[in-house]
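The chain contents come next:
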Amino acid sequence: MQTALLTTVPVSMPDTLNTVIAMKLKGGMKVDPIRLLDDKRSNTLYTFDAELHGKGLQYGDGKPQNNYVRSWKSTDQWMSWKFRLNAPAEYDVYLDYNPMSYNGKSDGGTVVVEIAGKDFVLDYAVKPGQRGVQTLHVGKIRLDKGVSECTLKGRQFKGSEFMCPIAVRLEK
């Protein structure tokens, strides 16, 4: 039984910003809804692609530096991504975020990135006037073949809300 379909595409796509490939499947093929990550290259888990948990989380307008989740005001709110690998892989993990809350007040706090059962506790602080995308090095992780989950949860914050997370990056 075939469990995967391999498709070859050109190295240079017609639209270098965003190319969509539509495929018609015949013969009862089922699509695996869990995202397949590349075990040989870097991967990005954008918060726009995350499953949002809890009430009140909202998306920024999607423009550069505003492509985040906002209104993160409770530890009852969090984000999660399920993904799978066809082979074991090791990554350096990073968290990209906009330090300014949606209402413009500077915040700081503690968040937890959990990947495949391993917790990484991260403190972040915002300096007055700090703008633009900021990055925290989360740590290193070795992931096994199969399905894993990544979550981003908050522990505590100062100010009006937690950071505005943009993405969790798994870098080679």
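Residues numbered from 1 in each chain as written. Predicted model: local features only at pLDDT ≥ 70, side-chain atom pairs only at ≥ 80, totals over all residues. Heavy atoms only, no water.

Draft legend 1. Main features of the overall build of the protein. The number of helices and strands found in the protein is 0 helices and 12 strands. Mapped in sequence order, the helices and strands of the protein form the string β-β-β-β-β-β-β-β-β-β-β-β. Overall size of the protein, expressed as C-alpha extent along the three principal axes, is 55 × 35 × 30 Å. Counting over 172 residues, the protein shows a buried share of 40%. A fraction of 73% describes how many contacts in the protein between residues 6 or more apart in sequence connect residues 24 or more apart. Taken as a whole, the protein presents about 10,800 Å² of accessible surface, with 50% of it coming from carbon and sulfur. (Helix = DSSP H or I, 4+ residues; strand = E, 2+ residues; numbered from the N terminus. Buried < 20%, exposed > 50% of the residue type's maximum accessible area, 1.4 Å probe, protein only. Contact = heavy atoms within 4.5 Å. Areas by Shrake-Rupley, 256 points an atom, 1.4 Å probe, with all protein chains shown as cover.)

Draft legend 2. Expanded view of the sheet that holds strand β12 (residues 164-171). Pairing is antiparallel in the open sheet, where 4 strands are placed in the order β2-β12-β7-β10. Both outer strands of the open sheet, β2 (43-46) and β10 (134-143), are each paired with one neighbouring strand and no more. Averaged over all pairs of adjacent strands, the angle between strand axes in this sheet comes to 20°, irrespective of strand direction. Summarising the sheet, strand β7 (residues 89-98) and β12 pair through 7 bridges and their orientation is antiparallel. Bridged to Y94 within β12 is R169. (Pairing = 2+ DSSP bridges. Axes fitted to C-alpha atoms, helices over the stretch in contact; angles between N-to-C directions.)

Draft legend 3. The arrangement of unusual backbone geometry in detail. Positioned with a positive phi, S71 is a non-glycine residue whose angle comes to about 65°. What makes S71 buried here is its relative accessible area of 12%. At A116, a position not held by glycine, the phi torsion is positive, near 50°. As for its placement among the helices and strands, A116 is situated in the loop between β8 (108-115) and β9 (118-124). For A116, a relative accessible area of 47% translates into the label partly exposed.

Draft legend 4. Highlighting the packing of aromatic side chains. A complete count under the given rule lists 4 aromatic pairs for this structure. Taken together, the ring pairs connect W72, F157 and F162 into an aromatic cluster. One cation-aromatic arrangement involves K153 over W78; the distance from NZ or CZ to the ring centre is 5.1 Å. Here K172 stacks its cationic end above the ring of Y91, 4.9 Å away from the centre of that ring. (Phe/Tyr/Trp six-rings, centres within 6.5 Å; stacked < 30°, edge-to-face > 60°. Lys NZ or Arg CZ within 6 Å of the ring centre and 35° of its normal.)

Draft legend 5. Up close: the pattern of salt bridges. Enumeration over the complete set of coordinates arrives at 7 salt bridges. Residues R84 and D32 are paired through a salt bridge, measuring 3.2 Å at the closest nitrogen-oxygen approach. With R84 in strand β6 (residues 78-85) and D32 in the segment before β1 (35-36), this pair connects stretches of sequence that are 52 residues apart. Connected through shared salt-bridge partners, D96, R169 and E171 make up one network. (Salt bridge = Lys/Arg side-chain N within 4 Å of Asp/Glu carboxyl O.)

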